[in-house]
Amino acid sequence: VQLQASGGGLVQTGGSLTLSCAISGRAFGVYPHGWFRQSPGKERDFVAAISWSGGGTVYTDTVKGRFTITRDDAKKTIYLQMNSLRPEDTAVYYCASSRRRFGSADPPVFEDAYWGQGTQVTVSS
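No experiment lies behind these values; they were computed from the predicted model shown.

Taken together, four strands build an open sheet; the order of strands is S1-S3-S8-S7 and the sheet is antiparallel. The open sheet terminates on both sides in strands that have one partner only, identified here as strand S1 (2-6) and strand S7 (67-72). Here the strands of the sheet are splayed against their neighbours by 15° on average, with no regard to which way each runs. Of the strand pairs in this sheet, strand S3 (residues 17-24) and strand S8 (residues 77-82) are connected by six bridges, and their pairing is antiparallel. Looking at the pairing, Leu19 lines up with Leu80 of S8.

Okay, structure coming up:
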């Protein structure tokens, strides 16, 4: 299983970025997928997830209304549209693919997951 994240970069406060994560080597459509982030000196935190069907999404409170997670089963890719970015959004963003078949978007499903390599997002003030 491989997860290839891309789309990170440097953006000013208030700007937008879209992250992509291409997932290969498994049946994409029956698992939930998500995004996490890690800032220097901090633990990796949950950001957003989407259920196996795409019908359910969960976001951490600090990104609600600004970030949107979507999935394209035909392309085996998930996306994270990030708007109104803030300096505190600066982190390495990781995509994850849960091992829980037909799982929900709740964060615990990623306690057992495959992980991508991360993509850096830097928001300047």
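Don't stop here, the text continues.
One non-glycine residue, Ser84, lies in the positive phi region at around 50°. Relative to the helices and strands, Ser84 resides in the loop between S8 and strand S9 (91-98). For Phe102, which is not a glycine, the phi torsion comes out positive at approximately 60°. Examined against the element boundaries, Phe102 turns out to sit in the loop between S9 and strand S10 (113-115). The partly exposed category is assigned to Phe102, whose relative accessible area is 45%.

Another aspect to go through is the nonpolar core. By size, the foremost hydrophobic cluster in this structure holds 25 residues, and its most contacted members are Trp35, Val47, Phe67, Leu80, Met82 and Tyr93. The set of elements that each furnish at least two residues to this core consists of S1, S3, strand S5 (45-50), S7, S8, S9 and strand S11 (119-124). Of all hydrophobic cores here, the second largest spans eight residues; its members include Phe46, Ala49, Ala105 and Phe110.

Turning to the packing of aromatic side chains, a few remarks are in order. Using the criterion set out here, one finds four aromatic pairs in the structure. For the ring pair Phe36 and Phe46, a centre distance of 5.5 Å and an interplane angle of 80° mean the geometry is edge-to-face. Of this pair, Phe36 sits in strand S4 (residues 33-38) while Phe46 sits in strand S5; the two residues are ten residues apart in sequence, bridging distant segments of the chain. On the basis of relative accessibility, which here comes to 8%, the residue Phe36 falls in the buried class. Plain terms: the ring middles of Phe36 and Phe110 are 5.6 Å apart, the flat faces sit at 75° to each other, and that makes the pair edge-to-face. With Phe36 in strand S4 and Phe110 in the loop between S9 and S10, the pair connects residues that are 74 residues apart, well separated along the chain. One residue, Arg99, lies across the ring of Tyr114, its end atom 4.2 Å from the ring centre.

Here we come to the pairing of S5. For S5, the tally of buried residues reaches five of six residues, placing the bulk of the element in the interior. Bridge count between S4 and S5: five bridges; the pairing is antiparallel. Note on S5: the bridge partner recorded for Trp35 is Ala48. In this structure, the hairpin formed by S4 and S5 is closed by a connection of six residues, where Gly41 is found at a positive phi of approximately 80°.

Procedures and definitions
Residues numbered from 1 in each chain as written. Predicted model: local features only at pLDDT ≥ 70, side-chain atom pairs only at ≥ 80, totals over all residues. Heavy atoms only, no water. Pairing = 2+ DSSP bridges. Helix = DSSP H or I, 4+ residues; strand = E, 2+ residues; numbered from the N terminus. Axes fitted to C-alpha atoms, helices over the stretch in contact; angles between N-to-C directions. Buried < 20%, exposed > 50% of the residue type's maximum accessible area, 1.4 Å probe, protein only. Core = buried A, V, L, I, M, F, W, Y, C linked by side-chain atoms within 4.5 Å. Phe/Tyr/Trp six-rings, centres within 6.5 Å; stacked < 30°, edge-to-face > 60°. Lys NZ or Arg CZ within 6 Å of the ring centre and 35° of its normal.

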